[in-house]
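# Examining the three-dimensional arrangement
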Amino acid sequence: MKKKLTILFLGVPLLMQAQNPVIRDQFSADPTARVFNNKVYLYPSHDIVPPEGQRQDWFCMADYHVFSSENLTDWTDHGVIVTQNKVPWVRPDSYSMWAPDCVYRNGKYYFYFPSAPAEGKGFGFGIGVAIADNPEGPFIPEPEPIKGINGIDPCVLLASDGNAYIFWGAGRCAKLKDNMKELADDTPTEKVKWGDREFEMKGVNCLKGLPSRQAEGPFAFEYNGNYYLTYPYVRENTEVLGYAMSKNPMGPYEYKGLIMAEHDNGCWTNHHSIINYKGQWYLFYHRNHLSPNDDKRRSVCIEKLSFNADGTIQEVKPTLRGVGINQATEKIDVDRYSAASADVTAQLIDTVNTFRGFEATLPVKGSWIKYNDVNFDCIADGYVIVNAKAAGNTKFFIREKTANGKVIAEVDMTVKPETPAGMPAMFRRDFSNQWLTLTAPLNYTPKGVTDLVITCEGEAGVSVDWVLFKNRPKYFSPVTTAAAQPDDEGFIRRWMLLEPIDKPNSGNTVFTDSYLRKHFGMEYFKGQQTIVPKNGQKVKVSFKREEVPAGFGRGFGQQQAPAEPVIKTVNQTLTWHALDSENMNVKLFRFAEKWGQQVYGVLFWAVTIIDCDEDIENVRLAVGSNSASMWWLNGEEALLLSGDRRMVKDDAMSPRLTLKKGRNILRGAIINGPGMSDFCVRFLDEKGNPVKNYSIKAQ
């Protein structure tokens, strides 16, 4: 059933859910991922915009953060763990805290990081160690870097032979002592020429003779009897991720090919790590998603990685979607789509504050985007919230699996006033090309993990940022028992409610006594004053009404009705619902959201059955309603509430009545304009106490 949406102009506090890139509130690069305590811990470097006095076109990193996740979509930032001005051996203004690593051994966590030494502490780059009892710290840096290592980008391999090996720079490797802070005593030394200079270097060059132009950032791991040495190097103009394999940690290694080719946007560097988490292999890498014009400010991304039967690695293609299963109740950045029609584009929302994220633009009717792996098991009775903008009035659908799939929700976007011909323009703001947070009901709720597809269905294009599914608060329950009792305060909660009749009006101020008697006295469906409906029973509504100008009872602004109103015949097929209200005030607006075609400018009918064991005399019907309402007991008018009202308990009371022995039928009609609608009903005795000695039935 097609229903109208609601536009929310308030900020919605939402937990950020990350696709690619996975860290959205800061730059992050050179990601080392490790699995500790059944979580993934991410230790990246932290790109920042260079402060004044620093080289503006170069890498700039002053500290390290650590992040953790259990599902690879929700990431917790545990804050700064090491900073350049709190490491004794590091020059405090070096801004050179490049690619790090962290491993667990001997009951401790060892964090390895490179930086430029302070004056008198060495030259070039050193590699230091900070030690902690927990993977998120606090880490205490050692006072000196590891002796014998000059270079960057450490990686420590805990091999199955029981030893720890440290790799760094352009693929050098050496064994560590058990204390994890010193090179082994038997570490070999070789003479290396650099231009006209010759000097000694510790360790073994594991990339010797392999494709390794400008190699850096080695990452070693072990799998299925093989050692893998993976590393970035420049194949042509920018870096690729290559790899080599060996049966021994220190080689010799045989080059096997690429893990990832050059970035298609020209980003100069790539840097990575590879882990197995819950049976799936993942590649962590970086790209300048949040800084497209500056490839020195990068962001961490993740993709799945697979092996061939012979142990070689299948080349990985970067995606926007990344990895992980999103819960439908999370904010889902559908602009990071898995697939899209050829005309779709994705771009930053704000090119100055890039951390605002991205948008996907579906330019024409038929454009679509697909977002894989959303789990709907968390949605029982839901609706959807969407952040979108459009240049003109349009609509889009959220579908399941394909561009022709089952419709989950329909979103109509009215961003410009729609004014009937011959009528003055409405007093209504133009929302074209502005981000709107929209809500819409669900036509259908998928089961389990599925894929979302957003399709443009209108004549104007639409840009979408995110979607979020939420469960409604529980306002009603289906009737499951034969009879109910009034609640502790005597309020009647069991009702037969008819889906709302479409009856727009020019505002709640028109609800005078004469207006209400005229309009409540019209026949909308057969037997409206005598029917005792059953759950699921349908009625055909047919009546003539004056056409109300667009906006009357539908939203913003006021205007005068035209001198010559247009008469329209309304035809609807509506259903009765037997419901128990969760609240003393029956939330008709929420009922309309779930079961109606309109939520504003509508007429509701409510019926309940009151069974008494004896006559109950001198009672008063006490009603509160939003907006106006009229009530009948056993076919006789009992109470009229006119005017622009808010729902107030016992707002109006009838003359004295008698609830007769046996069956009594209480019937109400409630009308509203541009606002919420609800009602509460109870009977009070002569002393003003609630009457409760009767039972309530719906049919």
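Computed from a predicted model, the values in this text were never measured in an experiment. (Residues numbered from 1 in each chain as written. Predicted model: local features only at pLDDT ≥ 70, side-chain atom pairs only at ≥ 80, totals over all residues. Heavy atoms only, no water.)

We now examine the domain arrangement of the protein. Each domain of the protein was delimited in the assignment, giving domain 1 (25-314), domain 2 (326-418 + 428-471) and domain 3 (476-545 + 565-697). Across the contact, nine residues belong to domain 1 and seven residues belong to domain 2. Carbon and sulfur atoms supply 63% of the area buried between domain 1 and domain 2, which totals about 610 Å² over both sides. Of all residues in domain 1, Thr73, His289 and Leu290 give up the largest surface area on contact with domain 2, accounting jointly for 60% of the area buried on that side. Across the domain 1-domain 2 interface, the total number found is zero salt bridges. Here domain 1 and domain 2 share one residue pair in polar contact (both at pLDDT 80 or more) between them. (Domains from an automatic or database assignment. Contact = heavy atoms within 4.5 Å. Buried area = accessible area lost by both parts, 1.4 Å probe. Salt bridge = Lys/Arg side-chain N within 4 Å of Asp/Glu carboxyl O. Polar contact = N/O pair within 3.5 Å; in protein donor to acceptor, adjacent residues only side chain to side chain.)

Bringing the nonpolar core into the picture now. Counting 38 residues, the largest nonpolar core has Trp495, Leu497, Leu621, Trp631, Leu666, Phe679 and Phe683 as its most contacted members. Excluding residues that lie within four positions of it along the chain, Leu666 makes contacts with Ile492, Trp495, Ala606, Val607, Thr608, Ile610, Leu621, Trp631, Trp632, Leu633, Val681 and Phe683. The next biggest cluster of nonpolar side chains, apart from the first, holds 36 residues, and it includes Cys173, Tyr233, Trp281 and Tyr285. (Core = buried A, V, L, I, M, F, W, Y, C linked by side-chain atoms within 4.5 Å. Buried < 20%, exposed > 50% of the residue type's maximum accessible area, 1.4 Å probe, protein only.)

So, about unusual backbone geometry. Glycine aside, the phi torsion of most residues is negative, and most peptide linkages are trans. The omega torsion of the bond from Asn20 to Pro21 falls at 0°, within 30 degrees of zero and hence cis. Of note, Pro21 is situated in the loop between strand 1 (6-8) and strand 2 (29-36). Geometrically, the link from Gly137 to Pro138 is a cis peptide bond, its omega value of 5° lying close to zero. Considering the arrangement of structural elements, one finds Pro138 in the loop between strand 8 (126-132) and strand 9 (140-141). At Asn224, a position not held by glycine, the phi torsion is positive, near 55°. (Helix = DSSP H or I, 4+ residues; strand = E, 2+ residues; numbered from the N terminus.)

Across all of its chains, the model carries 36 salt bridges by this definition. Here Lys296 ties to Asp295 by a salt bridge, and the two come within 2.8 Å at their closest N and O atoms. The class for Asp295 is buried, based on a relative accessible area of 17%. The partner of Lys317 in a salt bridge is Glu315, with the nearest N and O atoms 3.5 Å apart. On the accessibility criterion, Lys317 (58% relative accessible area) is exposed. Several salt bridges share partner residues, and in doing so they unite Asp381, Arg472, Arg590, Glu593 and Lys594 into one network.

An α-helical turn contains 3.6 residues, so a residue and the one three or four places further along point in the same direction. Where helix 1 (residues 513-520) is concerned, the buried positions are Tyr515, Leu516, His519 and Phe520. Taken down its axis, helix 1 places every buried residue within 110° of arc, on the same side. Across from the buried face of helix 1, at angles greater than 90 degrees, the exposed residues are Ser514 and Lys518. Taken together, the buried residues of helix 1 touch strand 39 (602-612), strand 41 (628-633), strand 42 (636-641) and strand 45 (662-672). (Arc of directions from axis to C-beta.)

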